[in-house]
Structure formats: structure tokens, C-alpha cells
Amino acid sequence: MSRVIKTGGATPAGVAPPAGVPSAAAGPAAGTSAASRGSVAAISALPARRGRLRQFLYEHPLAMDGLVVFSSAVLSLSALIEEGRNGFWWQFGVVLLSQAALMLRRRAPWALLAGIVAADAVVLFATPELGSMSAAVWFALYVVALRVRTVWALVVTVAASLPAGAYFAFVYRPGEEFLAQHGPFIGLVASVSVILSNLVAIGVGIVVRGNRIHQAEVRAWAIRRAQLASVQERNRIAREMHDVVAHSLTVMVALSDGAARALDRDPERARSVLGELSSTGRAALADMRRVLGVLRADGGSVGREPTPGGLQALVDGFRAAGLPVVLTQEGESLPDDAAFQLAVFRIVQESLTNVLRYARGVGRVDVLVAREAGAVRVGVDNDGGTAPDGADPALGTGGGLAGMRERAAIFGGTLTAGPRPGGGWRVEAELHWAEGDR
């Protein structure tokens, strides 16, 4: 089914895209229309696919920073225990302070990395026999990898590994018994292990940065597709509105000619014809205002009259195609305005088409069209499931949903689409209508 596009949802404070990554939240280029900018904003606000825990941590960066500090402290627990057991209390404090400094990883990643590497070097060279170091450097390297290109990330990793690597290769002196048992190259092995562990940390950061760049590119592509869909919709609007306005003007000319001929013979008849002429003119003027609003500000869409038979014929056609559709109409019939009827017709048509194309195992589809005071509500619900990933190559592009939104917006309405709590899919629209406007 059509992909859901939700508006709203700003990026949490303190969560900035890494350097060199295109910002998905960047506004459209100057000159784009209002609805196009709205579609772009909706796509930009669309969050990446995350589980509940990841989404919570994304929306609460302080909680995420606290989790990072806790994880680093757990990984550094052996070093803390070893230093405390041997009475190296100032070294214990420096390692503990390195963990707490990770709270600054978003604000000053370079200063953080330099400080943690320096603190580790001081602790290691001050206690040649200990050989315990903090895990905080891994988290600092990960953050730096999110902000620089891969080549520079590798250069930074080598530079950050030099102090600890040199310590284990040339300074570290375990006990004689330990050295005799494990061989003379234990320091060299430990030095290589430090470099490899740092490379793993920086590699994770490089992969995450690549994923974020890919997501930003996908969002930029989606923004371009939304803009293209909006332009196509405006062109179709202009073509369809030509028929509506041309029909109204033709009727007005015929009415004016008839009124002129009947003016002397039947003044009452002429007066009635002039009333019809005035009503037709007002309707045509309203349609022209709508289409001008669409072309200037992307307000929505209008078009030709729906197919003969209206909604019932539309539902019967989908039912004949195998879709178990039930149509319920509440309140009075739809307003006489052809553009308004077409907007309702197209919304129902697009929604049922999406059900027919994308839903699986549908047992019932309910279509509700209810006219209330000043508004018409449209609801299309189905109880089916979506096709599994990869089952259908004909994936939706969101153009149909954008078109329905524009059709609702031209009458000051809204449209939402998304999964139902009990399974299935729901499309809800509300279009406003001035009851006194005939």
C-alpha cells in the first residue's frame, strides 16, 4: 500500500548530522511551491526505521550519552579494579574521569579524543607494570569516524594508537614469571591488539556514517520525487480545470443569449434565466479561484466530473474485481459542486486501488462517506495485511497519497493514511464545504 508520510517531528536537540552528510531536513530550493515544500517537510520529518528502544534513545540524547558512559565504564572495569587493588588511586581517578568525559562526545569530539588518548598515555607510562587501559578511546574514535572521511578516520586511528602501541611494545614489563610463561613477544602482541581494537571501533563508525549518508541520499531522492509528483499534479490540475471552466463559460453564454431573447416576451422567464446565469458565474469564479490557488501555492486539485453512477458504480466495479467492498453513505448527498464530488471520488478510487494492489488476505473493505454540517468525511478501512518484503516489485512511490492530500487540501481539508491498530490499513479524509454556498 501507499507509504505513510507523517508531518511534524523535528530532530532532537543536540543530534546533528555528521560532517559531509547531506542534511535530509534541508529545505527545498527557492521557487518551489507551498505544497511542494509541505511534501518535502513531511518526507524530511519521516524518521528512520528504528525499534522502540533506539527511537527513545534517538529522541533523548542525554539518555544515550549516559548509556555510552555506563558501557565504557563496564568495559573498563578490569582496569579500574586492577588500579584500585594495587593502590594506584590517582590512576583510578583519571580512568574514571575519562568515562565521564564521554558525555561531551557530541559537543567536542576532537578535544575528547585527544584528552582520552593523553590520559591513557599518562596512566600507562606512569605504571609500566600494570598494563591496564580505558575503553573510552573506542567510543571517542567512533564519534570522530562519524564526522570525517574514511581516509582521515584511519589516519586518526593510527595516531591515537601510537602512545598505547609504543607503551606495550617498548615499556610494558609484566612479571618475570608471566614473561617466562608467555614468551618475550607479549608486549608486541598487546601492541598489535590495541591497534586492531581501535580499528574495529573506527570501522563501526565508518559503517554507521555510510548508512547515514545512504539514508540522506534516499531522503533527497524522495524529496525530488515528491516535487516531481507535485509538478505533475499541477499540470494535470490545469488540464482538468480547463474542462470545468470551459463548460461553465459555455453555459453562461447560452443562458445570456436565452435571457436576451426572452426579455421582451417573458420577463419572468428571463429573470429566472438570469438567476441561473448568476449562479453558474459564481460557481465558475469559485473554480477559477481554486485553480489559481493551486497553480500559485499548490493548494490541491480539481478536475472533471466523476464517472457516471458516482461512488456506487465505483464500488460495484471494485467488487466485480473481487474486492469485498461495502459502501456506507450518511447524511445528505454530496454537494452539487463537480470539483468537490470529484475530489471525494478520486480519494475513494485511489484508496480502493491501493487496497486492490497492495493488501493481502482482505476480508472486508468499508467505505464511509458522511456529510455533516460544513464538512464531508471519507473513510476507507480494510482488514488485510501488506505484502511481505520482496513479494511485489511494484512498490508505491507515494505519488497517489500526495495527490489525495492535494485534493483534500483544496477544500481546506486533511488526509491521513496508516496501519490500523488491529491490522489492515486506514485512509481518513475530511473536506470542508460551506453549506450556504450553492
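Reading the values: the criteria
Residues numbered from 1 in each chain as written. Predicted model: local features only at pLDDT ≥ 70, side-chain atom pairs only at ≥ 80, totals over all residues. Heavy atoms only, no water. Helix = DSSP H or I, 4+ residues; strand = E, 2+ residues; numbered from the N terminus. Buried < 20%, exposed > 50% of the residue type's maximum accessible area, 1.4 Å probe, protein only. Contact = heavy atoms within 4.5 Å. Phe/Tyr/Trp six-rings, centres within 6.5 Å; stacked < 30°, edge-to-face > 60°. Salt bridge = Lys/Arg side-chain N within 4 Å of Asp/Glu carboxyl O. Pairing = 2+ DSSP bridges. Axes fitted to C-alpha atoms, helices over the stretch in contact; angles between N-to-C directions.

**Student:** Any details on the environment of M64? Residues and values, ideally.
**Tutor:** Within the element layout of this structure, M64 appears in helix α3 (residues 61-75). Assessed through its relative accessible area of 26%, M64 is described here as partly exposed. Counting along the chain gives 39 residues from M64 to M103, while the straight-line C-alpha distance between them is 9.3 Å. Among residues more than four places away in sequence, those in contact with M64 are L57, R105 and R106.

**Student:** Quick one: what's the story with the packing of aromatic side chains, residue by residue and with numbers?
**Tutor:** Scanning the entire structure with this criterion turns up four aromatic pairs. Ring geometry for F125 against Y167: centres 5.6 Å apart, planes inclined by 70°, an arrangement best described as edge-to-face. Placement of the pair is F125 in helix α6 (residues 109-126) and Y167 in helix α8 (residues 150-171), with a sequence separation of 42 residues. Consider the rings of Y167 and F168, whose centres lie 4.9 Å apart with planes at 75°: the pair is edge-to-face. As far as burial versus exposure is concerned, Y167 and F168 are alike and both buried.

**Student:** Outline the pattern of salt bridges, supporting the account with residue identities and numerical values.
**Tutor:** Under the definition given, this model contains seven salt bridges. Note that R271 is salt-bridged to E268, the shortest N-O span being 2.8 Å. Taken together, the positions of R271 and E268, both in helix α11 (residues 267-297) and three residues apart, correspond to about one turn of that helix. Note that R426 is salt-bridged to D381, the shortest N-O span being 2.5 Å. Taken as a pair, R426 in strand β7 (residues 425-432) and D381 in strand β4 (residues 375-382) lie far apart in primary sequence, 45 residues in all. Residue R426 is classed as partly exposed on the basis of its relative accessible area, which comes to 31%.

**Student:** Lay out the sheet that holds β7 with the relevant residues and their values.
**Tutor:** Read across the open sheet, the five strands follow the order β1-β3-β4-β7-β6; overall the sheet is mixed. The outermost strands of the open sheet, each flanked by one partner alone, are β1 (325-330) and β6 (414-419). Recorded for the sheet is a direction-independent mean angle of 10° between the axes of neighbouring strands. One ladder, built from eight bridges, connects β4 with β7; its direction is antiparallel. Within β7, the residue paired with V380 across the bridge is V427. Packed on one face of the sheet, helix α13 (residues 338-358) meets β1, β3 (365-372), β4, β6 and β7 and runs near 10° to β4.

In short, geometric facts, not functional conclusions.
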